[in-house]
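Commentary on secondary and tertiary structure
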Amino acid sequence: MDKETGKISPFIVMDILKKARQRPDAIHMEVGEPDLPPSPKVEGAFLKAIRDRRFFYTPASGLLELRERISEHYYKTYNVNMSPERILITPGTSGAFLIALALFVEKSKRLVLSDPSYPCYKNFAYFLDIEPHFIFVNRETHYEIIPEMLGEIENIGVLMVSSPSNPVGSLYRRNTLKRLIEFCREQRIWFISDEIYHGLVYDEREHTALEFSNDSIVINGFSKYFCMPGFRIGWVILPEKFIRRAEILIQNIFIAANTPAQYAAIEAFDYRYLETVKNTFKKRRDILYEGLKDAFDIPSKPEGAFYIWADITRYGMDSIKFCELLLEKKAVAVTPGIDFGRNKTDRFVRFTYTRDISHLKEGIRRIMKFVRDHTGKT
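Owing to the predicted nature of the structure, the values given are computational and were not obtained by experimental measurement. (Residues numbered from 1 in each chain as written. Predicted model: local features only at pLDDT ≥ 70, side-chain atom pairs only at ≥ 80, totals over all residues. Heavy atoms only, no water.)

Description of the overall build of the protein
- When helices and strands are tallied, the protein shows eleven helices and eleven strands.
- For the protein, whose C-alpha radius of gyration is 21 Å, the value lies close to the compact-globule estimate of 21 Å for 378 residues.
- Structurally, the protein occupies a C-alpha span of about 60 × 55 × 40 Å along its principal axes.
- Sorting the 378 residues of the protein into buried and exposed places 58% on the buried side.
- Counted over contacts in the protein with a minimum sequence separation of 6, partners at least 24 positions apart contribute 74%.
- As presented, the protein carries roughly 16,800 Å² of accessible surface, and 48% of it is formed by carbon and sulfur atoms.
- Considering the protein, the positive charge centre built from 55 side chains and the negative charge centre built from 50 side chains are found 3 Å apart. (Helix = DSSP H or I, 4+ residues; strand = E, 2+ residues; numbered from the N terminus. Rg over C-alpha atoms; globule rule 2.2 N^0.38 Å. Buried < 20%, exposed > 50% of the residue type's maximum accessible area, 1.4 Å probe, protein only. Contact = heavy atoms within 4.5 Å. Areas by Shrake-Rupley, 256 points an atom, 1.4 Å probe, with all protein chains shown as cover. Lys, Arg positive; Asp, Glu negative; His and termini not counted. Charge placed at Lys NZ, Arg CZ, Asp CG, Glu CD.)

Notes on the side chain of Arg285
- As for its placement among the helices and strands, Arg285 is situated in helix α9 (residues 271-292).
- For Arg285, a relative accessible area of 1% corresponds to the buried category.
- When residues no more than four places from it in sequence are discounted, the contact partners of Arg285 are Tyr202, Asp203, Lys301, Pro302, Glu303, Ile308 and Tyr353.

Let's talk about the nonpolar core
- Residues Leu150, Leu159, Phe222, Phe296, Phe322 and Phe351 are the most contacted members of the largest nonpolar core, which totals 98 residues.
- The element contributing the most residues to this core is α9, with seven residues.
- Contact partners of Leu159, with chain neighbours within four places excluded, come to Val112, Ile145, Leu150, Leu180, Cys184, Ile189, Trp190, Phe191 and Ile192. (Core = buried A, V, L, I, M, F, W, Y, C linked by side-chain atoms within 4.5 Å.)

What about the layout of surface pockets?
- Approximately 740 Å³ is the volume attributed to the largest pocket.
- Of all the secondary-structure elements, those providing two or more residues to the lining of the largest pocket are α1 (12-20), α4 (92-104) and α5 (119-127). (1 Å grid on protein atoms, 1.4 Å probe; cavity = no way out; pocket = protein on both sides within 12 Å on 5 of 7 lines; lining within 4 Å. Points joined across faces, edges and corners; volume = space filled by probe spheres on them.)

Things to note about the pairing of strand β3 (residues 110-115)
- Of all six residues in β3, five are buried, a share of seventy percent or more.
- One ladder, built from six bridges, connects β3 with strand β4 (residues 131-136); its direction is parallel. Note that in β4 the partner of Arg110 across the bridge is Glu131. (Pairing = 2+ DSSP bridges.)

Points about the environment of Glu275
- Structurally, Glu275 can be placed in helix α9.
- As a C-alpha pair, Glu275 and Ile70 span 205 residues in sequence and 17 Å in three-dimensional space.

Digging into the environment of Arg272
- When you line up the elements, Arg272 lands in helix α9.
- Using a relative accessible area of 75% as the deciding quantity, one classes Arg272 as exposed.
- Taking the C-alpha atoms as reference, Arg272 lies 18 Å from Asp35; in sequence the two are 237 residues apart.

Okay, structure coming up:
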């Protein structure tokens, strides 16, 4: 919600997407939605759930079998023992964020976020009448919040970070994550970790916040790495004493997550298939990065997710104008940086690599022609 207008802030990218869909020749580099299908096992499980008439409400916390499978995933992936009782299934990660913020942020306290960051974070906060406080991050800080940045901020209730991040694709380093969590524990600040892009990490190893504190709140889901965006299944991991309160919130707001989609998600942990997903996005990242790095100042080669955050200052126009002209002249849709905050974001655009390589190569060709034709620069 924009404080000046009292309305939820719109995504400019959705207007761009709407226009792009009216052009059959459009190259789509705007929306962060994987184009790959989930494991074939997912489709089979979904259809079986329908055939078996498994479409009635589940418990508010979700199917026990799914929560057990997620628990196994944490042990296998991070060597973390996590009780299924602490895992609650939500309608996408959006549902998880609403539950977590409603539980942990008092209206008299601040929610601390990085800028740039995923725009829904602040909108969820405004919806719940919570005051967000933004910390500007950039290449000098590795796009991380560090404890020293928090020392002079008063009345912090919750710190929320995402790793890998949207829109930059940067990864919190192990030591930074550990220090942040220790600081929050000492200062009685709740720590929320958005880990939705875990699995899509290409050159390093990602770390869950639960490796460093059993009281961390972790949010993840099936939309990105598991390639199930429309199934709308996420999860939140909470300290045990908050489980019942969270269940009551879910009962009242959502009742429960989609039942057939929960059965489908049980079969999503097909690690052989998921490795091909990660390798596919890594190849796409490398092609798009190499294709764009000479035309744009890219402050951070993406370590994860599927985004490239690119500085367009050299072209003498703001991000909205750049995106509008690029779509109008070359039918390439990208996201204006202004969607992600106010930290010089009008100088940036975000490219996604969620389409196949031939699509990306055509996009690179058109983008390079655009910057030559309409700016006289490369």
